[in-house]
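# Examining the three-dimensional arrangement
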Amino acid sequence: MTELSRRKMLISGGALGALGALGMAPPAQARSLMAWTWASSGSVAGSGAGADPRWVWDEEADPLVASLLDRGAVPEVNRLLWDWNRNDQPLPQGLPEDLRSFMEKARRLPSWADHGKLNTAAEFNKSRGLYLNLLNGVGGGMLATAIPNEARSVYYSKGGADMEDRVAKTSILGFAVGALNAYRPGGSCVVEAVKTRLVHAAVRHLLQKSPHWTGGIPISQEDMLVTWHTLPTYAMRKMLEWKVPISAAESEAYLHVWQVTAHMLGIRDEYIPATWDAANAQSDQVLPRNMGPTPEGVKLTDILLGQLAEQTSPGSISRPLCNALARYLVGDEVADWDGIKREPVWDRVIPTAWPALVRFREGLVPLPLVPEAAWVLDEAARKYILFYLTKGKETKIEIPTTNRPG
Ligand code: HEM
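Please read all numbers here as calculations on a predicted model, not as lab measurements.

### Notes on the overall build of the protein chain
If you tally the helices and strands in the protein chain, you get 16 helices and 0 strands. Expected size for 406 residues packed as a compact globule is a radius of gyration near 22 Å; at 21 Å, the protein chain falls within 12% of this value. The burial tally for the protein chain puts 56% of its 406 residues in the buried class. A fraction of 75% describes how many contacts in the protein chain between residues 6 or more apart in sequence connect residues 24 or more apart. Total accessible area computed for the protein chain in this model is approximately 17300 Å², and 58% of it derives from carbon and sulfur atoms. Separation between the mean location of the 43 positive side-chain charges and that of the 44 negative ones in the protein chain comes to 1 Å.

Below, the structure written as C-alpha cells:
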C-alpha cells in the first residue's frame, strides 16, 4: 500500500469511525477506495450477481412511474389509490394497465415470507412498541438527517416543504409494520410498502430535474439499505444495549418482518441480510461511508426537533429535553453533524434516567431506583407516539408530481 492511501485510510477512520455510538466498527478503508464486498451468500436469496448496490435502482418501478409522470397519469392514479387501504383489497378499477400489472406482482409477499414469524414479530412490536417507536421515529429520524443523500433528497423533494405532513406520511408505513395485523389480510403493510415503492420511483425521476439536485439518480439500492439499517439494525442494537430482554425467536421474527418489508419496498433479495450477523456486517460497510453533515440535514433536524418539542412537554423545558433525547439516541458524532445543541442539564440526566426507566419497565429494578426525570421521558415518548398516530390517520401516501417548490 502506498503512503498516501495508508494516510487516506487513517484520516477516514478518524472522521467516520466514531460511529461507535451505533455499535459500528470503524470503516476499514477510505470512502474512495471502498468496494462492495458484502457477500450475497449472507442474503435471503443466498446468492446474487454481486453488483455494487450504489449503481442499482428499481428496474421495474422506475421506468413505469417515469412514464406515468410523463403522460400526466399520476393525479388520477393517486385519486384511485386513495381508497386502496387493506392488504386483501382488490386494486381499484380504472388503473392504467401497466401499473395494474406491476402492482399485482409487487403486492405479492415473497415466497420466503413466514407467517409464523410475522405473527411473533407482531406480538414483539406490540410489547416493545414504546422503544421501537422512539428508536424508529426519533432515532431513525435523526440518523436519516445525517445521511447526506437522504437529507438532500427529502429536502428538495415535494415533502421537504411540509415536514409535518412528510413525517406523518412516513409514520404511516412505520405504524403499519408495527401493527398486529401488519401482513395479515386486514392489515395495511403491503399497501403502504407498494405505495412507497411508487413514491421512491417518482422521486428518482423528479429530483434529477430539480435545479438544487447535484447528484445522479437518487435512492439507489445502497441508499435503501442504509436507511433500512437505521431502522431495524439500529433499533435492535439499541435494545440490546439497554438490556431489553429479547428471546431468540423474537429477535429472528423482528428481523423477518423487516426483511419482508425490504422486499416489498423493492430492495433486491440478494441485498437483504438473512441473519443479524449478516445485517450487522452490511451495516458496518454501508453506514459509515454514507453518513455525514449537510446544511439540509441540519435544517431538517431543527424542524423535526421543533415539532417533537411542540407536542411533548409544552413549556421552556421541552426543546432542551428533545435535543438531549435525540443526542442520547444517536450519540455525539451524529448529533453534532445534525447541529443538535448541547444541553448541560438534560445531557447528563438522560443517560441515567432512560436506562433506569427501561429496567423498571422490564421488571428488573424496583421503583425507588427510578429517577424522577424518567417519567418525564416516558410521558414525552407516549405523547410523541400518540401525536404521530393521530397525524398519520389524517393523511395518505401519494405519488408526488413535483419537487419542493422554489
Ligand atoms: C417517501 C419510507 C428509503 C427518500 C417515503 C415514504 C415512506 C418512506 C413511507 C412515503 C411518505 C411520503 O410520501 O412522504 C422509506 C423506507 C426506506 C426509505 C422505509 C428504507 C427502508 C429512502 C431513501 C431515500 C428516501 C434511501 C433517499 C435517499 C424519500 C423521499 C420521499 C420518500 C424523497 C418522498 C417525499 C415527497 O414526496 O416529497 N419513504 N424510505 N427514502 N422517501 Fe423514503
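### Let's talk about the site of the ligand
Around the ligand, the surrounding shell holds 22 residues, and the nearest of these are S153, G159, R166, H200 and T227. One of the side-chain N or O atoms of S157 is found 3.2 Å from an oxygen atom in the ligand. A distance of 2.3 Å separates an oxygen atom of the ligand from a polar backbone atom of G159. Of all the secondary-structure elements, those providing two or more residues to the shell around the ligand are helix 7 (148-156), helix 8 (163-178), helix 9 (189-206) and helix 10 (221-241). Residue composition of the shell around the ligand, by class: 9 nonpolar, 8 polar and 5 charged.

### Some thoughts on the packing of helix 6 (residues 129-144) against helix 16 (residues 373-393)
Between helix 6 and helix 16, whose axes approach to 10 Å, the crossing angle comes to 70 degrees. As summarised for this structure, helix 6 and helix 16 are arranged roughly perpendicular, according to the angle between their axes. In this structure, helix 6 uses G129, L130, N133, L134, G137 and V138 to contact helix 16, whose residues at the interface are D378, A381, R382, Y384 and I385. Tallied by class, the residues present in the contact of helix 6 with helix 16 amount to 6 nonpolar, 3 polar and 2 charged.

### Concerning the layout of surface pockets
In this model, the second largest pocket occupies a volume close to 360 Å³. Lining the second largest pocket are 18 residues, and of these E60, K105, R197, H263 and G266 sit closest to its centre. Of all the secondary-structure elements, those providing two or more residues to the lining of the second largest pocket are helix 4 (97-106) and helix 11 (248-264). Counting residues per element, the lining of the second largest pocket draws most heavily on helix 4, at 3 residues. Grouping the amino acids of the lining of the second largest pocket by side-chain chemistry returns 7 nonpolar, 3 polar and 8 charged.

### Quick word on the pattern of salt bridges
Within this structure, the stated rule accounts for 26 salt bridges. The salt bridge partner of D52 is R54, with a shortest N-O separation of 3.0 Å. Exposure remark for R54: the relative accessible area of 24% places this residue in the partly exposed category. A salt bridge links D284 to R237; the shortest N-O distance between them is 3.4 Å. Placement of D284 in helix 12 (residues 276-289) and of R237 in helix 10 is noted, with a sequence separation of 47 residues between them.

### Some details on the coordination of the iron atom of the ligand
Of all protein atoms, just one serves as a donor to the iron atom of the ligand, and that atom is H200 (NE2), at 2.1 Å. Relative to the assigned elements, H200 resides in helix 9.

### Examining the nonpolar core
Counting residues in each nonpolar core, the largest one holds 125 residues, and the members touching the most others are M103, Y183, W242, L329 and W354. Those residues in contact with Y183 that sit more than four places away from it in its chain are N87, L109, H115, L118, C189, V190, V257, V260, T261 and M264.

### So, the packing of helix 6 against helix 14 (residues 318-337)
At a closest axis distance of 9 Å, the pairing of helix 6 and helix 14 adopts a crossing angle of 35 degrees. The crossing of helix 6 and helix 14 is right-handed. On the side of helix 6, the interface is formed by L134, L135, V138, G139, M142 and L143, while helix 14 contributes L325, A326, L329, V330 and V334. Residue classes in the contact of helix 6 with helix 14 are distributed as 10 nonpolar, 1 polar and no charged.

### Things to note about helix 4
Note on helix geometry: an α-helix contains 3.6 residues per turn, so any two residues three or four positions apart are oriented the same way. If you check which residues of helix 4 are buried, you get L99, R100, F102, M103 and A106. Within helix 4, the buried residues cover an arc of 165 degrees as seen down the axis, which keeps them to one side. Summarising the contacts, the buried residues of helix 4 are in contact with helix 2 (61-70), helix 3 (74-81), helix 9 and helix 11.

### Here we look at the confidence of the model for the protein chain
Per-residue confidence for the protein chain gives a mean pLDDT of 89; residues scoring 70 or more make up 91%. pLDDT under 50 marks residues 1-18. Its contacts with residues more than four places away, or in other chains, come to 24 contacts. Confidence drops under a pLDDT of 50 for residues 24-30, and excluding neighbours within four residues, the segment shows 24 contacts in the predicted structure.

Criteria and thresholds
Counting restarts for each chain: residues are numbered from 1 in the order of the written sequence. pLDDT decides what is reported in this predicted model: residues at 70 or higher carry local features, side-chain atom pairs at 80 or more are listed and counted, and totals for whole chains, interfaces and linings draw on all residues regardless. Water and hydrogen atoms play no part in the side-chain values, which are based on all heavy atoms of the structure. By definition, any uninterrupted DSSP run of H or I lasting at least four residues is a helix, any uninterrupted run of E lasting at least two residues is a strand, and each is numbered from the N terminus. C-alpha atoms define the radius of gyration in this analysis, and the globule rule sets the expected value at 2.2 Å times the number of residues to the power 0.38. Any residue under 20% of the maximum accessible area for its type is buried, any over 50% is exposed, and the rest in between are partly exposed; the area is computed with a 1.4 Å probe on protein chains only. Any two residues whose heavy atoms approach within 4.5 Å are treated as being in contact. Here the open area of atoms and residues is found with the Shrake-Rupley method and a 1.4 Å probe, where only the protein chains shown may cover a residue. Positive charge is attributed to Lys and Arg, negative charge to Asp and Glu, and no charge count is given to His or to the chain ends. Here the site of a charge means NZ on Lys, CZ on Arg, CG on Asp, or CD on Glu. What makes a residue near a molecule or strand is one non-hydrogen atom of that residue sitting within 4 Å of it. For this analysis, a polar contact is any N or O atom pair within 3.5 Å, provided that within protein one partner can donate a hydrogen and the other can accept it, and provided that sequence-adjacent residues contribute only side-chain to side-chain pairs. Amino acids outside the nonpolar list (Ala, Val, Leu, Ile, Met, Phe, Trp, Tyr, Cys, Pro) and the charged list (Asp, Glu, Lys, Arg) are all regarded as polar, and Gly is one of them. To define axes, lines are fitted to C-alpha atoms, for helices over the stretch in contact only, and angles between the resulting N-to-C directions are given on a 0 to 180 degree scale. The scheme is simple: roughly parallel for angles under 35 degrees, roughly antiparallel for over 145, roughly perpendicular for 65 to 115, oblique for anything else. Lining residues are those with an atom within 4 Å of a point, where the points come from a 1 Å grid over the protein atoms alone and group into cavities, where a 1.4 Å probe fits but cannot get out, or pockets, open sets with protein on both sides within 12 Å along at least five of seven lines. Grid points are joined across faces, edges and corners, and a volume is the space filled by probe spheres set on the points. Basic side-chain nitrogens of Lys or Arg form a salt bridge, by our definition, when they fall within 4 Å of a carboxyl oxygen of Asp or Glu. In this description, a donor is an N, O or S atom within 2.8 Å of the metal centre, a cutoff extended to 3.2 Å for sodium, potassium and calcium. Water is not part of the atom list, which can make sites seem incomplete. Here, the term nonpolar core denotes a set of buried Ala, Val, Leu, Ile, Met, Phe, Trp, Tyr and Cys residues that are joined through side-chain atoms within 4.5 Å. Should the near helix be turned anticlockwise from the far one by less than a right angle, the crossing is termed left-handed; should it be turned clockwise, right-handed. The reported arc concerns the directions from the helix axis to the C-beta atoms and nothing else. Per residue, pLDDT captures the predictor's confidence, and it can take any value from 0 to 100.

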